[in-house]
Amino acid sequence: MDRIFSRLGKTALAIAAISVGTAAYAGNPLADEKIAVAKASVERAEQSGAPQAAPVELATARDKLARAEKANAAHEVKPAALLAEQADIDAQVAEATAQQQRAKKAAIEFDMSMQALRQESLRSSPPAQ
Amino acid sequence: MNIKLLTGISVALAMASCASTPTSNPALDNARNLVRSAEADPHVAMYAALDLEAAKKELQVAETAAIHHDEAAIAQPAYLAAQTARLAQLKATAKADDARVAAGQTERDKIQLNARTREVDSATREADSAKMARDQEVQKSANLQAELDALKAKPTDRGLVLTLGDVLFDSGRAELNPGASRNLDQLVQFLTDHPARRVEIDGYTDSVGTESFNLNLSQRRADAVRYALITRGIDSSRIVSQGYGKDFAVATNSDSGGRQLNRRVEVVIGGENGAAVAARGRD
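First things first, this report covers the structure right here in the doc. (Residues numbered from 1 in each chain as written. Chains lettered and ligands numbered in written order. Predicted model: local features only at pLDDT ≥ 70, side-chain atom pairs only at ≥ 80, totals over all residues. Heavy atoms only, no water.)

**Quick look at the overall build of chain A**
- Assigned secondary structure in chain A consists of five helices and zero strands.
- Sequence-ordered secondary structure for chain A, helices as α and strands as β, is α-α-α-α-α.
- Across the 129 residues of chain A, 36% fall into the buried class.
- At a minimum sequence separation of 6, the contacts of chain A that also span at least 24 residues come to 75%.
- Surface accessibility of chain A: about 7700 Å² in total, with carbon and sulfur atoms responsible for 59%. (Helix = DSSP H or I, 4+ residues; strand = E, 2+ residues; numbered from the N terminus. Buried < 20%, exposed > 50% of the residue type's maximum accessible area, 1.4 Å probe, protein only. Contact = heavy atoms within 4.5 Å. Areas by Shrake-Rupley, 256 points an atom, 1.4 Å probe, with all protein chains shown as cover.)

**Side note on the overall build of chain B**
- The secondary structure content of chain B amounts to eight helices and five strands.
- Overall, chain B shows an N-to-C arrangement of helices and strands of α-α-α-α-α-β-β-α-β-α-β-α-β.
- Here chain B, with 283 residues, has 34% of them falling under the buried criterion.
- Nonlocal contacts in chain B, meaning residues at least 24 apart in sequence, comprise 74% of its contacts between residues at least 6 apart.
- Of the roughly 16400 Å² that chain B leaves accessible, carbon and sulfur atoms contribute 57%.

**Remarks on the pattern of salt bridges**
Residues and elements named next belong to chain A.
- Inspection of every chain in the model, using the stated rule, returns 21 salt bridges over all chains.
- In this structure, Asp-90 and Lys-64 form a salt bridge, with 2.8 Å as the shortest nitrogen-oxygen distance. A residue pair is termed long-range when its members are at least 10 positions apart, and Asp-90 in helix H5 (residues 77-124) and Lys-64 in helix H4 (residues 55-73) qualify at 26 residues.
- Owing to a relative accessible area of 0%, Asp-90 belongs among the buried residues under this scheme.
- Given the relative accessible area of 9%, Lys-64 is considered buried. (Salt bridge = Lys/Arg side-chain N within 4 Å of Asp/Glu carboxyl O.)

**Focus on the packing of aromatic side chains**
Residue and element names in this part refer to chain B.
- Evaluation of the coordinates by the stated rule reveals three aromatic pairs over all chains.
- Ring centres of Tyr-204 and Tyr-244 lie 5.5 Å apart, and the angle between their planes is 15 degrees; on these two criteria the pair is classed as stacked. Pair noted here: Tyr-204 is in strand S3 (residues 199-204) and Tyr-244 is in the loop between strand S4 (239-243) and helix H8 (256-262), with a separation of 40 residues, a long-range link.
- Tyr-204 sits in the buried class, given a relative accessible area of 0%. (Phe/Tyr/Trp six-rings, centres within 6.5 Å; stacked < 30°, edge-to-face > 60°.)

The quantities given are spatial measurements derived from coordinates; they are silent on function.
Encoded structure:
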C-alpha cells in the first residue's frame, strides 16, 4: 500500500487529502482501475483455455477478483487494490499456463512428425552410388 | 583479500546489529527462489525479459520492506514477485517451444523439398533412360533396315531372303565369279554385325538338264557361297547350305529371261534369337 501511494507521489497525496471529504461516496479510483485490469486478465484467461489448463489458478483469480470488488464496494480501498493485483497476476499465470501447454503439445507433435518424415526420407532416398 | 573479507564481515555485522532478528519470511523465500530460477533460465532472458524485470522489481520492494522490518508490507510484493517469476518462465518456455517448431518448420520444408526433388530427379532419370533405350532401339532398327536395304533382302515366311543372281557363276559351273566378292562382302558385314543370326544358303537352277545334274549343281553353288562366307570369317556353324534343283522356280522356264531368274542362290537370314532357318519342304 505504501508502494501504491509512493507511485502516486506527493502531489497525489496532497490532492487525496483535499478530496477526502468528497471521495467517500464511491470506490477508490485506483482500486477501480486495478479491478478493471484484473477483470480483463481473468476474461482473457477464460477465453484462452485456462479453464482446462489451469482451473485452480483461474478459480483463485476469480475468487480474489470477487473479493476485491466486494472490498471496494465496502470502501476498503487497500484490501481491494491488493486483491485486484493478485487476481490480475493469477489470471495471467493461468493464461500463460494454458499457452505453455499448447506450445508444448504442438512441439511434441511436431517432433513426432519430423521423426516420421526423417525415417520416410531415409527409406525413400536412393542408395549411394 | 583478507581486508575485503574483513570489510564484508564488518558490514554484515553492522547490518545484523541494525536488524536485530534476521528476516525469515516464507513468502519472501519463495519469491527469492522463483526469481532466482527464472533468472537462471536462459529462455527467460531471451523471451520474457520484461516479466523478469517486473518480478525483480517486486522482489526488491519486498526486500526493502524486510530490511525495514515492515512485515505487513512484505507479503504482497513477495506474492507478486513469485507469480511474475512463474509467469516469466511459463511465457519463456512456450516461446522457446514455438521458436523450436518455427525453426524446425524450415528444416521440415527442406526435407520435404529434397524428397520431392529426389522423386522428380529419379522420374527424370527413368524417363531419360527409357528415351535413350527407345532411341537406341529406333537407331538399331534403322541401321538394320539400312543394311537390309543395301543387301536388297526381302522379308518372307522363312526369314529375310537375299537373292544372289546367277551372275555370280559361270554357266554350268559352281565357282564364284571374282565380281561376286562385293556382293558377299555386304553379307559378311551384316553377319559380323549380327553375330546371333544364322543363315541358310539355298541353291536353285532352271529346268534345263536332268534332275540329278540340277540338284548337284544347285548344291555345289550353295556350298560355294557357304565356303566363301566361311573363308571371310563367318563361323561355319552359323551357315547351312541346301540345293533344291529346279524346284521353287520364281519365274517361267519357257523363256530365257525367266530361266535366268530361276538360276539363283538365295541367302535366308534367320532371326535375332539365333534360331536355325527352317529347311524348305518340297511341294
